[in-house]
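These are the residues of each chain, in order.
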Amino acid sequence: MNEQNQISAKQLGIYIIGAQVGVGIIFVPQKLAQNSGHDGWISLVFGGIISICAAILIVLLLQRYRDKSIFQINRLLFGKVAAVAINCLLLLYLFYLAFMGLRAFAEYILLIQGDHLSLLAVSILIIAPTVYLTAKGLAAICNFSYYLLFFLVMVVVLAGLVYPIQWNFLLPVGASGLPPLIKDIPICSNSYLGFELVVFLYPMVKDKRRALFWVVAANLISMFFFVLVFVLDVGLFGEEMLKKTIAPLFQLPQFIRFGIKERMDMFFSLLWFPFLESTLRAYFYACFSGSVNLFGIKKIKTFLAVFTIVFILINLIQKNLNQFFKLTDFINYSGMGVISFLLVCYGLSFLQERLKKT
Amino acid sequence: MLWSLLSSRKAEKDVNKAFPWLVVFTLLSSGISCREQRYLPEIGIVRQLGVEFAPDKRLLFTQIFSRFADAQRCEQVIVSKANLFHDAWDNAGYIAPLSLKFGKLQQLLVSEQLARQDIDDLTNFFFRDYQKPPQALLVIVAGSPKKLLEKAAGLPSQPPAFSYIHTLLKNNYGRYLSKLSLLQFSVWKFAPGIDPIAPVVNWTPEGIHLAGSALFAGGRLVGRIDNTATNTLMLMMGQLKDRNYVLQSPINLNPLHPFQKVAAVDLKTVHRQLRFIVNRNKPLVNLMLKVEGNVEEYIWDDLDQPVAEEKLEKKISQALEKDCAKLLHYARSIGSDPLGFGDILRAKYYQYWKKYKWQTVYSQIEIKVKVDFKMKRYGMIK
């Protein structure tokens, strides 16, 4: 295997955090406030625990088939013909999430900077670093995500110390009752999507023994990050105002007035932009490398160029923003479908083993 | 580590390869941003915006903006009638010789008459577009914002009006005024059990005058307090810094003494303890304020002696307690809850909060205020 595409288990963890936190962190607080109100953080913790359990089972599945990705495992479990269909569906899922990552990022730029900008130009600018890093390989993507993550965690933690948070807005704990909290768990599970990428990258991990530890650690860090941002949002906006806000994360800096340097809030909002790209980057690479492996493509650079052009053109088809937001609801179902499928695969792997023995 | 990564030969090769990409990327991004570039002398930056009722039931918008083209006249006032902010902005565009930008708006001046209606729907203009500043400060004008802005712009002895208003308010935030941005106003307007307060200014022949604070209930102005009461309110909020407090009532002075004010103390620190309990379905608030301050002005007395010290401390504590009680009585009579007692009740006794209507409970609630003033220093004389 190409050395550029080999990563350590720690780098795998960083990759997963990037995929999980990226775009979800903008949508989730407002969506949670609609149902669970200020108690949304409880759903986030529950959702995080569920995603950790699912991630453990998925890594255990991979450990049963060493050095094999889900594409090869499907072939062993379902046979050649069915595996092709399933693998194509999995690629479609990756493509869909990468597309959503790009479009969400582009829409937020247009929302903040004004829609006089062209969607095509913004899309090209967004995707350019991703394409460059994809050409450089998985290790380059992980290294880039590593520095970015460290920097942005610092920004959020420092922001938490500076903001005039009203802790009363987070009380009383459990006021919303159990039903809304349970109802919100699927939304939270959606925000933790990203850990399933391990099934596509597992053969590229060098120290596979530590993969389980880092996948769990990545989920825990994402959970901490989500809860922190949700607490900041509720503590500043309050439950009622949060329900009416589309992108609270970008409005957080507006709570601080900068004396001489007016509108420094816009600069702080821009700091999030590279991080938002991490969802796109993670799914784009997984989809691209999956396609290369599955179809045995030799001319990788040409394929990357064609793949990118098709990707941008598809992004331009959907014009209506409201229709786009409706599409985001489908992420829940598709993500749950893929994770359920992976868990079924884990069960089938035992069944197949038994059948072989008998 | 980063340096070693960058200085390696491989990194050098990568940088060389990436260079053409970097050029394309920079040209593309600057090409997009250049479309929005404006020549500075062609821009007028709106600094203050006044809103009030017009006689024909529309709104009267007064915008004051700074200009860079002309050193002699660096500000201009434009008045327009409209139904919405956006209309007013458009109308101003028909008159102004410059392209007006709202991004650096410092204050939104709303007339008291208009603020007595719900102004929250008006301010949503500042939230929809990210480039409009929701951190602009809300200021209530007792009278007409148009008159205030026009008069301030015509004062030759003062700095430019936009700077004059801004500096006057900035110097007094935290002392006589409570700072309230449009964003914070909306947060408190929507939050149940806590109400915003905003500074009030008016126009006098001498210039702009700080006239206390406006108390809101939800998004509607319901009452006004003066500067001294604003001090007291901020003391109760635990936010007061360096407030000069003047004790009005005399201490064992000759009753024929011509002066009534006998002590001025500089309140340095305030520590607030707020206990909210519901006992047998009756809410009770205990507000304890521990205040420390320096004596700035007093009669010739021996303040190093415990008797004199205690006498002064007790008198100031009692006077502050009286001020607090008076203010709370007023706030409750108009249904405004700037201290957020309702928010505390919601957080601590949620079932009670759900069962009873807060506005009814607030007027009947028992509030006990205890102030404990301690003298820190008395200066160079006893």
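Residues numbered from 1 in each chain as written. Chains lettered and ligands numbered in written order. Predicted model: local features only at pLDDT ≥ 70, side-chain atom pairs only at ≥ 80, totals over all residues. Heavy atoms only, no water.

Enquirer: Hey, could you run me through the overall build of chain B in this one?
Expert: Summing up its helical and strand segments, chain B has 14 helices and 13 strands in all. In chain B, which comprises 382 residues, the proportion classed as buried is 48%. Summarising the internal contacts of chain B: among those between residues at least 6 apart in sequence, 65% fall at separations of at least 24. Summed over its atoms, the accessible surface of chain B is roughly 20,000 Å², and 53% of this surface lies on carbon and sulfur atoms. (Helix = DSSP H or I, 4+ residues; strand = E, 2+ residues; numbered from the N terminus. Buried < 20%, exposed > 50% of the residue type's maximum accessible area, 1.4 Å probe, protein only. Contact = heavy atoms within 4.5 Å. Areas by Shrake-Rupley, 256 points an atom, 1.4 Å probe, with all protein chains shown as cover.)

Enquirer: What is the right way to read the overall build of chain A from this model?
Expert: On a plain count of helices and strands, chain A comes out with 15 helices and zero strands. The C-alpha atoms of chain A give 21 Å as radius of gyration, which agrees with the globular expectation for 358 residues (21 Å, within 12%). Expressed along its principal axes, the backbone C-alpha trace of chain A runs to roughly 70 × 45 × 35 Å. In chain A, buried positions account for 59% of the 358 residues. Residue pairs in contact within chain A that sit at least 24 positions apart in sequence constitute 83% of those at least 6 positions apart. With 28 positive and 16 negative side-chain charges, chain A shows a spacing of 13 Å between the two charge centroids. (Rg over C-alpha atoms; globule rule 2.2 N^0.38 Å. Lys, Arg positive; Asp, Glu negative; His and termini not counted. Charge placed at Lys NZ, Arg CZ, Asp CG, Glu CD.)

Enquirer: So what exactly am I meant to see when it comes to the interface of chain A and chain B here?
Expert: Accessible area lost when the parts come together is the quantity often used to give the size of an interface. The interface of chain A with chain B comprises 36 residues on the first partner and 40 residues on the second. When the two sides are added together, the surface that chain A and chain B hide from each other amounts to roughly 3,500 Å², 61% of it contributed by carbon and sulfur. Area buried by chain A at its contact with chain B is led by A:Leu125, A:Arg257 and A:Arg263, which between them contribute 19% of it. Put simply, chain A and chain B have zero salt bridges between them. Inspection of the region where chain A meets chain B yields two residue pairs in polar contact (both at pLDDT 80 or more). Secondary-structure elements contributing two or more residues to the side of chain A that touches chain B are α5 (80-113), α6 (119-136), α10 (211-243), α11 (248-251) and α12 (264-270) of chain A. The element that contributes the greatest number of residues to the side of chain A that touches chain B is α6(A), accounting for seven residues. (Buried area = accessible area lost by both parts, 1.4 Å probe. Salt bridge = Lys/Arg side-chain N within 4 Å of Asp/Glu carboxyl O. Polar contact = N/O pair within 3.5 Å; in protein donor to acceptor, adjacent residues only side chain to side chain.)

Enquirer: It is not clear to me how the confidence of the model for chain B should be interpreted in this structure. Could you clarify?
Expert: Detailed conclusions should not be drawn from predicted coordinates in areas where pLDDT is low. Summing up the model confidence of chain B, the mean pLDDT is 82 and the portion of residues at 70 or higher is 88%. Interface predicted TM-score (ipTM) for the complex: 0.81; the corresponding pTM is 0.86. (pLDDT = per-residue confidence, 0-100.)

Enquirer: Teacher, can you tell me more about the pattern of salt bridges here?
Expert: For side chains of opposite charge, pairing can occur when their charged atoms come near one another. As enumerated under the stated definition, the model contains 16 salt bridges over all chains in all. The partner of B:Glu366 in a salt bridge is B:Lys368, with the nearest N and O atoms 3.9 Å apart. The exposure class of B:Lys368 is partly exposed, given its relative accessible area of 43%. Residues participating in the shared-partner salt-bridge network are A:Glu239, A:Glu240 and A:Lys243.

Enquirer: Looking at this model, I keep getting lost on the packing of α5(A) against helix α14 (residues 300-317) of chain A. Mind explaining?
Expert: The relative placement of two packed helices is expressed as an angle between their axes plus a distance between the axes. All names here are of chain A. Packing of α5 against α14 brings their axes to within 10 Å, and their N-to-C directions diverge by 65°. With respect to the hand of their crossing, α5 and α14 are arranged in right-handed fashion. Where α5 approaches α14, its residues Phe 95, Ala 98, Phe 99, Leu 102 and Arg 103 are matched on the opposing element by Phe 307, Phe 311, Ile 314 and Asn 315. (Axes fitted to C-alpha atoms, helices over the stretch in contact; angles between N-to-C directions. Left-handed = near helix turned anticlockwise from the far one by under 90°.)

Enquirer: Sorry, what's going on with the packing of aromatic side chains here?
Expert: By convention here, two paired aromatic rings are described through the distance between centres and the angle between planes. Residue and element names in this part refer to chain A. With the rule as written, the count across this model stands at 24 aromatic pairs over all chains. Ring geometry for Phe 284 and Phe 307: centres 5.2 Å apart, planes at 65°, overall edge-to-face. Note that Phe 284 is positioned in helix α13 (residues 273-295) and Phe 307 in helix α14, a separation of 23 residues in sequence. Each member of the pair, Phe 284 as well as Phe 307, is classed as buried. One aromatic cluster is present, formed by Phe 95, Phe 284, Phe 288, Phe 303, Phe 307 and Phe 311 through successive ring pairs. One cation-aromatic arrangement involves Arg 64 over Phe 350; the distance from NZ or CZ to the ring centre is 4.0 Å. One cation-aromatic arrangement involves Lys 208 over Tyr 202; the distance from NZ or CZ to the ring centre is 5.6 Å. (Phe/Tyr/Trp six-rings, centres within 6.5 Å; stacked < 30°, edge-to-face > 60°. Lys NZ or Arg CZ within 6 Å of the ring centre and 35° of its normal.)

Enquirer: Would you explain the sheet that holds strand β11 (residues 263-279) of chain B in this entry?
Expert: The pairing of strands in a sheet happens through backbone hydrogen bonds and is either parallel or antiparallel. Residues and elements named next belong to chain B. An order of β10-β11-β12-β13 is seen for the four strands of this open sheet, with the pairing classed as mixed. The open sheet has two edge strands with one neighbour each: β10 (243-247) and β13 (366-377). On average, adjacent strands in this sheet sit at an angle of 40° to one another, irrespective of strand direction. Bridge analysis of β10 against β11 gives five bridges, and the strand direction is antiparallel. Paired with Val 246 across the two strands is Ala 264, which belongs to β11. Sheet contacts for helix α11 (residues 306-334): β10, β11, β12 (282-297) and β13; angle to β13, the most-contacted strand, approximately 145°. Across the sheet, helix α12 (residues 341-348) touches β11, β12 and β13, and the angle it forms with β11 is around 35°. (Pairing = 2+ DSSP bridges.)

Enquirer: Which parts of the structure should I look at to understand the packing of helix α2 (residues 24-36) of chain A against helix α3 (residues 40-64) of chain A?
Expert: All names here are of chain A. Here α2 crosses α3 at 115°, and the two axes come no closer than 9 Å. Taken as axis vectors, α2 and α3 run roughly perpendicular relative to one another. The crossing of α2 and α3 is right-handed. Contacts from Val 28, Leu 32 and Ser 36 in α2 reach Gly 40, Ser 43 and Leu 44 in α3. (Parallel < 35°, antiparallel > 145°, perpendicular 65-115°, else oblique.)

Enquirer: Where do I start with α11(B) in this structure?
Expert: An α-helix turns once per 3.6 residues; consequently, residues spaced three or four apart project the same way. All names here are of chain B. Taking 1.5 Å of rise per residue, the 29 residues of α11 would be expected to cover 42 Å, and the 42 Å separating its terminal C-alpha atoms lies within 8% of that figure. When we look at burial in α11, the residues that qualify are Ala 308, Leu 312, Glu 313, Ile 316, Ser 317, Ala 319, Leu 320, Cys 324, Leu 327, Leu 328 and Ala 331. Residue Gly 335 follows α11 closely and has a positive phi angle near 80°. (Expected span 1.5 Å × (residues − 1).)

Enquirer: Is there a simple way to think about the side chain of B:Arg47 in this case?
Expert: Along the chain, the position of B:Arg47 falls in strand β1 (residues 43-53). Take B:Arg47: its relative accessible area is 13%, and that puts it in the buried class. Not counting the four nearest positions on each side in its chain, B:Arg47 is found in contact with A:Glu262, B:Ile64, B:Phe65, B:Ser66, B:Lys104, B:Leu105, B:Gln106, B:Gln107 and B:Phe162.

Enquirer: What is the right way to look at the environment of A:Phe268 in this model?
Expert: Residues and elements named next belong to chain A. Structurally, Phe 268 is set in helix α12. Each C-alpha atom of the pair Phe 268 and Phe 311 lies 29 Å from the other, and the pair is 43 residues apart in sequence. Excluding residues within four positions of it along the chain, Phe 268 makes contact with Pro 253 and Phe 258.

Enquirer: What exactly am I supposed to notice about α2(A) here?
Expert: All names here are of chain A. The end-to-end C-alpha distance of α2 is 17 Å, a good match for the 18 Å that 13 residues give at a rise of 1.5 Å each. Residues of α2 that are buried include every one of Gly 24, Ile 25, Ile 26, Phe 27, Val 28, Pro 29, Gln 30, Leu 32, Ala 33 and Ser 36, and no others. Among the residues trailing α2, Gly 37 stands out with phi positive, at a value near 60°.

Enquirer: In this structure, what is going on with the nonpolar core? I would like to understand it.
Expert: It is characteristic of soluble globular proteins that their nonpolar side chains tend to be buried jointly. The biggest cluster of nonpolar side chains holds 170 residues, and the ones touching the most others in it are A:Tyr15, A:Val198, A:Phe250 and B:Leu138. Here this core takes 19 residues from α5(A), the largest share from any one element. Not counting residues within four places of it along the chain, the set of residues in contact with A:Tyr15 comprises A:Leu138, A:Ile141, A:Cys142, A:Leu197, A:Leu201, A:Arg281, A:Ala282, A:Tyr283, A:Tyr285 and A:Ala286. B:Leu233, B:Leu235, B:Leu328 and B:Phe373 belong to the second largest nonpolar core, which has 49 residues in total. (Core = buried A, V, L, I, M, F, W, Y, C linked by side-chain atoms within 4.5 Å.)

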